[in-house]
Amino acid sequence: MRNEKPVVGVIGVGHLGQHHVKHYKLLNDVNLAGLYDIDSKKANIVANTYKSTSFNNLSDLLTICDAVSVVTPTETHKHVAEQAINKGCHVFIEKPITKTLEEADHLLKLAEKENVLVQVGHIERFNPALSALKPYKITPKFVEIQRLAPYTVRGTDVPVVLDLMIHDIDILLSIVKSPIKNIRASGVSILTDSVDIAHARIKFENGTVASIVSSRISQNKVRKIKLFQKNLYATIDLLLMLTEIYHVIDKPDDSSEALKTASFTYNGDKKLIAYEKPSIDEKDVLQLELKNFVLSLTGKETPIVDGIAGRTALAIAIKIHDMIIQDIH
Ligand code: NAD
């Protein structure tokens, strides 16, 4: 680390990158050196808004930074992150880590050689609605995930699997701790020449089955996860930050009366279904994610989504996308 308090920069200040600038300004544990964007007009506007400095030259910014956020379009991640790592900067790379596995492997190898951290922007892992599951023993038999979004031009530089489904692949892998046994996938192109709606069925070695639907042609945004396991059903709304748990109580007693929402009889035994709604402290998820990166720079934390996790999610996303393409042709 060049500095006692990490000095960071932001590369690419479009739709998402400007929020990285905002949060680095707000975080106490870091100093924001400035930002760089090939669109200098945009860079100046964002620098003025957040009272930061716009650099005309990426190399000048990298020379003074300990770490940078790479928030440029996905096809540029490899080239931009490579320059940063070569200058000894730790990198936070927005998801997907890169467009191809070869690019991801190249970056991870380079980062290891230069001894720098790689964190990948799978932001949903910091969603408090997902964190609310932590007190429960989650071992689902069946997982259903839906991520639907209205069409926008942004993100269509990559197929829907690499833009949207990759979030849920990463979440799924963080929940189901078992190797994948097989995958089936199908999809369709509706508005673009690429795949706009995708469905994947992932079966794990431990028997868990997951069904993921992702679409960028929807009237409203939906981001929901449903988990079914022995005697427990959990529903997580990542957009509303709402988590609800229903679980069976084997031996009802008076103290459980307050919780009961329904009862049923099975094999002659009366059972209650308890309903729990964990209280969720709604926080800005990007701030939580960047704080994890910043604290990882000084060894106080480790990245929750490191380069390997980003690479693993990409590998499965590419596999699903390739299967869809084969299925279409
Ligand atoms: P955007 O098009 O709004 O912004 C990209 C910015 O990068 C633009 O300002 C552009 O001028 C700049 N740029 C392009 N090439 C550059 C280069 N070589 N050097 C410096 N600047 C360059 O895109 P966006 O929606 O902000 O997406 C950026 C990245 O963030 C993408 O990888 C995307 O997949 C990812 N993203 C992640 C999430 C999430 O939920 N984690 C959400 C949206 C976008």
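What counts and how
- Residues numbered from 1 in each chain as written.
- Predicted model: local features only at pLDDT ≥ 70, side-chain atom pairs only at ≥ 80, totals over all residues.
- Heavy atoms only, no water.
- Near = heavy atom within 4 Å.
- Polar contact = N/O pair within 3.5 Å; in protein donor to acceptor, adjacent residues only side chain to side chain.
- Areas by Shrake-Rupley, 256 points an atom, 1.4 Å probe, with all protein chains shown as cover.
- Buried < 20%, exposed > 50% of the residue type's maximum accessible area, 1.4 Å probe, protein only.
- Helix = DSSP H or I, 4+ residues; strand = E, 2+ residues; numbered from the N terminus.
- Pairing = 2+ DSSP bridges.
- Right-handed = clockwise from strand over helix to strand, strands pointing away.
- Phe/Tyr/Trp six-rings, centres within 6.5 Å; stacked < 30°, edge-to-face > 60°.
- Axes fitted to C-alpha atoms, helices over the stretch in contact; angles between N-to-C directions.
- Left-handed = near helix turned anticlockwise from the far one by under 90°.
- Contact = heavy atoms within 4.5 Å.
- Nonpolar A, V, L, I, M, F, W, Y, C, P; charged D, E, K, R; others polar.
- Domains from an automatic or database assignment.
- Buried area = accessible area lost by both parts, 1.4 Å probe.
- Salt bridge = Lys/Arg side-chain N within 4 Å of Asp/Glu carboxyl O.

## Some thoughts on the site of the ligand
Thought 1: If you check the shell around the ligand, you find 23 residues, and the closest are His 15, Leu 16, Asp 37, Lys 42 and Lys 95.
Thought 2: Here an oxygen atom of the ligand sits 3.3 Å away from a polar atom, N or O, in the main chain of Thr 72.
Thought 3: Relative to its unbound accessible area of 850 Å², the ligand is 81% covered by the protein chains.

## Details of the pairing of strand β5 (residues 118-121)
Thought 1: Of the two faces of β5, the one holding Val 118 and Val 120 and the one holding Gln 119 and Gly 121 are both buried throughout.
Thought 2: Inspection of the sheet shows strand β4 (residues 90-94) paired to β5 by four bridges, in the parallel sense. Paired with Phe 92 across the strands is Gln 119, a residue of β5.
Thought 3: Regarding topology, helix α5 (residues 101-114) serves as the crossover connection from β4 to the parallel β5, and that connection is right-handed.

## Examining the packing of aromatic side chains
One pair of aromatic rings is described through two measures. These are the centre distance and the angle between the planes.
Thought 1: In the structure shown here, the tally under the stated rule is five aromatic pairs.
Thought 2: Consider the rings of Tyr 246 and Tyr 275, whose centres lie 5.1 Å apart with planes at 50°: the pair is tilted. With Tyr 246 in strand β12 (residues 242-249) and Tyr 275 in strand β14 (residues 269-276), this pair connects stretches of sequence that are 29 residues apart.
Thought 3: What makes Tyr 246 partly exposed here is its relative accessible area of 29%.
Thought 4: One aromatic cluster is present, formed by Phe 142, Phe 228, Tyr 233, Tyr 246 and Tyr 275 through successive ring pairs.

## Some points on the pairing of strand β9 (residues 209-215)
Thought 1: Most of β9 is tucked away: six of the seven residues are buried.
Thought 2: Note: strand β6 (residues 142-148) against β9, seven bridges, orientation parallel. Bridge pairing in β9 links Glu 144 to Ser 211.
Thought 3: Pairing of strand β8 (residues 197-204) with β9 involves seven bridges; the strand directions are antiparallel. Residue Arg 201 lies in a different strand from β9, and its bridge partner there is Ser 211.
Thought 4: Linkage of β8 to β9, two consecutive antiparallel strands, is achieved through a turn of four residues, within which Gly 207 is found at a positive phi near 100°.

## Let's talk about the packing of helix α1 (residues 17-26) against helix α8 (residues 285-297)
Thought 1: Running from N to C, α1 and α8 cross one another at 65°; their axes reach a closest spacing of 10 Å. Crossing angle aside, the handedness with which α1 passes α8 is right-handed. Along its contact with α1, which presents His 19, His 20, His 23, Tyr 24 and Leu 26, the element α8 presents Leu 286, Gln 287, Leu 290, Phe 293 and Val 294.
Thought 2: Among the residues forming the contact of α1 with α8, the class breakdown is six nonpolar, four polar and no charged.

## Section: unusual backbone geometry
Thought 1: In this structure, Pro 96 follows Lys 95 across a cis peptide bond, with omega equal to -15°.
Thought 2: In this fold, Pro 96 is placed in the loop between β4 and α5.
Thought 3: A positive phi angle is found at Asn 115, which is not glycine, with a value near 60°.
Thought 4: Mapped onto the elements of the fold, Asn 115 is located in the loop between α5 and β5.
Thought 5: Relative accessible area serves as the criterion here: at 66%, Asn 115 is assigned to the exposed category.
Thought 6: Although it is not a glycine, Met 241 adopts a positive phi angle of roughly 50°.
Thought 7: By secondary structure assignment, the location of Met 241 is in the loop between β11 (232-237) and β12.
Thought 8: When its relative accessible area of 15% is taken as the criterion, Met 241 is described as buried.

## Some words on the sheet that holds β5
Thought 1: Strand order in the open sheet formed by five strands is β2-β1-β3-β4-β5, and the pairing between neighbours is parallel. The strands lining the two open edges of the sheet, one partner per strand, are β2 (31-36) and β5. Strand-to-strand, the axes of this sheet are offset by a mean angle of 20°, without reference to chain direction.
Thought 2: Note that strand β3 (residues 67-70) and β4 share four bridges and pair parallel.

## A few points about the domain arrangement of the chain
Thought 1: By domain assignment, the chain separates into domain 1 (7-116) and domain 2 (125-285 + 316-328).
Thought 2: Here domain 1 and domain 2 have C-alpha centroids that lie 31 Å from each other.
Thought 3: In this assembly, 10 residues from domain 1 lie in contact with nine residues from domain 2.
Thought 4: Of the roughly 770 Å² buried between domain 1 and domain 2 on both sides combined, carbon and sulfur atoms contribute 58%.
Thought 5: In this assembly, domain 1 and domain 2 are joined by one salt bridge.
Thought 6: Linking domain 1 with domain 2 are two residue pairs in polar contact (both at pLDDT 80 or more), by the criterion used here.
Thought 7: Among the residues making up the side of domain 1 that touches domain 2, the classes are represented as three nonpolar, four polar and three charged.

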